[in-house]
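Results of the structural survey
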Amino acid sequence: MNNKVVLETFQISKQYGNTKALHDVNLKIEEGQIYGLIGLNGSGKSTFMRIVCGLISATEGHIELYGKSGNADLQKQRSRLGQTIETPALYLEMTAYENVMVQMTLAGISDKKKVKEVLRRVGLTDTGNKKAKNFSLGMKQRLALAIALITEPKFLILDEPTNGLDPVGIIETRDIIKTLAQEYGLTILLSSHLLDELSQIATHYGILHQGKLVTQLSGDELLKATNQYIHIICDDAIASAEILNAAFSVKCEVHSNTELRINEKLDRIADFNKVLVLSGQRIEHLSCNQNKLEDYFLKITQSSKYERFTKS
Ligand SMILES: Nc1ncnc2c1ncn2[C@@H]1O[C@H](COP(=O)(O)OP(=O)(O)OP(=O)(O)O)[C@@H](O)[C@H]1O
């Protein structure tokens, strides 16, 4: 299936004085993807996102948004884009509702229903009279996201959306991002310096290292490259494989009478467990071998041969 290309960049480079922040970045994002841009601090993630949003310009190269390039067309396409890189400052003495209302009025939109709708999408419906100054960091970030959703963007750009959040905030933010992609059909580009963190939400990945896009890969390719799998030991591996295949359409590798592995849908591990138990299987062991992500990231970024992945 050929999905629509939302963003494609061609040999994007950015020079800040003596610092070359980006080198010839060729990156492609298709409709419906949650594209995780991963890189260490200073690898160029924010610079790349700012160029896409039109907040700064590239020194060399060009970008296409929804197949359009050239300044005038790009600016038009950017109306489909929402971002939390440069959001308006929150009014700390106001509630979530009032903050969204003010920004909506400034954007020339008058629709009370929509205020409630964007707050619902980011899980801020129940904050009542609480002022923004009393919000947690996660709530403030979600409020900024609600404001970004006012114009009903089709493509969202989020710079390190889970950075600095506590574990509950991280899970809430992840769920909101997944829902925006899955239920509302948004394409999302987000960044992180932790591959493990990104792997909880992203469907596709781009690894940026010292301003170069070292590699791009899909979630399945990442699973293969890092040899991640769910490991199950149970009474009857063949019966369990059949149960899981029927319930989730997953392919299981049966390794012995009692042992099987699953190389896909790792985020469904709890559901696999539930269905097997409800089907009468006795599970002796169930684990997810997921600890190789950061090793993979280090291997890729530290390899002196990483240039082979880039187009010169
Ligand atoms: N306005 C600027 N002027 C000069 N150098 C800059 C500017 N913005 C970024 N840089 C430099 O460009 C490089 C890439 O920075 P960038 O902020 O894009 O990386 P990043 O991956 O987003 O890092 P972080 O996660 O720390 O934000 C760094 O060396 C940074 O110091």
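Position numbers for residues count from 1 along each chain, tracking the sequence in the order it is written. The predicted nature of this model means local features are confined to residues of pLDDT at least 70 and side-chain atom pairs, given and counted, to a pLDDT of 80 or more, with totals for whole chains, interfaces and linings taken over all residues. Based on all heavy atoms of the structure, the side-chain values leave hydrogens and waters out of the count.

Details of the sheet that holds strand β11 (residues 229-234)
- One open sheet holds the four strands; their spatial order is β12-β13-β11-β14, and the pairing between them is antiparallel. Every other strand in the sheet has two partners, leaving β12 (252-254) and β14 (283-289) as the edge strands with one partner each. Pairwise comparison of adjacent strand axes, ignoring direction, gives a mean angle of 20° for this sheet.
- Sheet topology note: the β11/strand β13 (residues 259-262) ladder contains four bridges and is antiparallel. From the neighbouring strand, H231 faces β13, where its bridge partner is R261.
- Packing of helix α10 (residues 269-278) onto the sheet brings it into contact with β11, β13 and β14, and relative to β14 it is tilted by some 165°. Strand pairing is defined by DSSP finding a minimum of two bridges between the two strands. Segments assigned H or I by DSSP are reported as helices when at least four residues long, segments assigned E as strands when at least two residues long, and all are numbered from the N terminus. Simply put, an axis is a line fit to the C-alpha atoms, just over the touching stretch for a helix, and the angle between two N-to-C directions goes from 0 to 180 degrees. Contact definition: two residues touch when any of their heavy atoms are within 4.5 Å.

Topic: the site of the ligand
- For this purpose, a residue is taken to be near a molecule or strand whenever a single non-hydrogen atom of the residue falls within 4 Å of it. Around the ligand, the surrounding shell consists of Y16, T19, A21, L40, N41, G42, S43, G44, K45, S46, T47 and E160.
- Here N41 contributes a side-chain N or O atom positioned 3.2 Å from an oxygen atom of the ligand.
- Think of a polar contact as two N or O atoms within 3.5 Å of one another; within protein, one of them needs to be a possible hydrogen donor and the other a possible acceptor, and neighboring residues in sequence only count if both atoms come from side chains. Between G42 and the ligand, the recorded distance is 2.7 Å, taken from a backbone N or O atom to an oxygen atom.
- Residue burial considers only the protein chains on display, and all accessible areas are found by Shrake-Rupley using a 1.4 Å probe. Alone, the ligand offers 630 Å² of accessible surface; in the complex the protein occludes 57% of this.
- Tallying contributions element by element places helix α1 (residues 45-53) first for the shell around the ligand, with three residues.
- Any residue that is not Ala, Val, Leu, Ile, Met, Phe, Trp, Tyr, Cys, Pro, Asp, Glu, Lys or Arg is counted as polar, Gly included; the first ten are nonpolar and the last four charged. Taken together, the residues of the shell around the ligand break down into three nonpolar, seven polar and two charged.

Re the UniProt feature "domain: ABC transporter" (unreviewed entry) in the chain
- Feature annotation in UniProt assigns "domain: ABC transporter" (unreviewed entry) to the following positions: residues 7-235.
- Across residues 7-235, helical content stands at 34% and strand content at 28%; the span's end C-alpha atoms are separated by 48 Å. UniProt positions are given in the numbering used here, feature names are shortened, and annotations may be inferred rather than shown by experiment.

Considering the confidence of the model for the chain
- Values of pLDDT, which run from 0 to 100, indicate the predictor's confidence residue by residue. Per-residue confidence for the chain averages 89 on the pLDDT scale, and 96% of its residues sit at or above 70.
- Scored below 50 in pLDDT, residues 304-312 makes 17 contacts in the model with residues more than four places away or belonging to other chains.

Description of helix α8 (residues 219-226)
- Only protein chains enter the area calculation, which uses a 1.4 Å probe; residues under 20% of their type maximum are buried, those over 50% are exposed, and those in between are partly exposed. Buried within α8 we find G219, L222, L223 and T226. All buried residues of α8 project into a common sector of 100° when viewed along the axis, lining one side. For α8, the exposed residues set more than 90 degrees away from the buried face come down to D220 and K224.
- Those residues of α8 that are buried are in contact with α7 (195-198), β9 (204-209), β10 (212-218) and α11 (293-302). The directions from the helix axis to the C-beta atoms form the arc being described.

Observations regarding the nonpolar core
- V100, L119, L143, L156, I188, L190 and L195 are the most contacted members of the largest nonpolar core, which has 42 residues in total.
- By residue number, the principal contributor to this core is helix α5 (residues 137-148), which donates six residues.
- Contact partners of L190, with chain neighbours within four places excluded, come to I34, Y35, G36, L37, M49, L158, P161, I177, L198 and I201.
- Among the nonpolar cores identified, the runner-up in size contains 25 residues, and V6, V25, I85 and F155 belong to it. We define the nonpolar core as a collection of buried residues of types Ala, Val, Leu, Ile, Met, Phe, Trp, Tyr and Cys that are connected through side-chain atoms lying within 4.5 Å of one another.

Details of the environment of A96
- Assignment of secondary structure puts A96 in helix α3 (residues 96-106).
- For the pair A96 and E197, spaced 101 residues apart in the sequence, the C-alpha separation amounts to 28 Å.
- When residues no more than four places from it in sequence are discounted, the contact partners of A96 are L119, T127, K130, F135 and L143.

Focus: a positive patch on the surface
- A cluster of basic residues, K4, K68, K76, R80 and K154, forms a positive patch on the protein surface.
- By secondary structure assignment, the location of K4 is in the segment before β1 (5-16). Patch membership requires more than 30% relative accessible area and the absence of a salt bridge. Residues of like charge join within 9 Å; the nonpolar side chains Val, Leu, Ile, Met, Phe, Trp and Tyr join within 5 Å. Salt bridges are defined as contacts in which a side-chain nitrogen from Lys or Arg sits within 4 Å of a carboxyl oxygen from Asp or Glu. By the counting scheme adopted, Arg and Lys are positive, Glu and Asp are negative, and His together with the chain ends is not counted. Charge placement uses NZ in Lys and CZ in Arg. For Asp and Glu, CG and CD serve respectively.

Thoughts on the packing of aromatic side chains
- The criterion for an aromatic pair is that two Phe, Tyr or Trp rings (for Trp, the six-membered ring) have centres within 6.5 Å, with stacked assigned to planes under 30 degrees apart, edge-to-face to planes over 60 apart and tilted to the rest. According to the stated counting rule, one finds one aromatic pair in the structure shown.
- Note on F248 and F272: the rings are 4.8 Å apart at their centroids and 65° apart in plane angle, and the pair reads as edge-to-face. Here F248, found in helix α9 (residues 237-248), pairs with F272, found in helix α10; they are 24 residues apart in sequence, far enough to count as distant. Comparing F248 with F272, the two get one shared label, buried.
- Either the NZ atom of lysine or the CZ atom of arginine qualifies as a charge over a ring when it sits within 6 Å of the ring centre and within 35 degrees of the ring normal. Taking the ring centre of Y66 as reference, the NZ or CZ of R80 above it sits at 3.9 Å.
- Between the NZ or CZ atom of R261 and the centre of the ring of Y229, over which it lies, the distance is 4.1 Å.

Side note on the layout of surface pockets
- Throughout, the protein atoms alone are placed on a 1 Å grid, and a set of points is a cavity if a 1.4 Å probe fits but cannot get out or a pocket if it is open with protein on both sides within 12 Å along at least five of seven lines; lining residues have an atom within 4 Å of a point. Grid points are joined across faces, edges and corners, and a volume is the space filled by probe spheres set on the points. In this structure, the largest pocket occupies an estimated 590 Å³ of space.
- Lining the largest pocket are 22 residues, and of these S199, Q200, I201, A202 and D267 lie nearest its centre.
- When residues of the lining of the largest pocket are traced back to their parent elements, those giving at least two are α6 (167-182) and α8.
- Of all the elements, α8 adds the most residues to the lining of the largest pocket, at four residues.
- Residue composition of the lining of the largest pocket, grouped by class: nine nonpolar, eight polar and five charged.
- Those domain boundaries reflect an automatic or database domain assignment. Split by domain, the residues of the lining of the largest pocket number at least three in each of domain 1 (5-223) and domain 2 (229-289).

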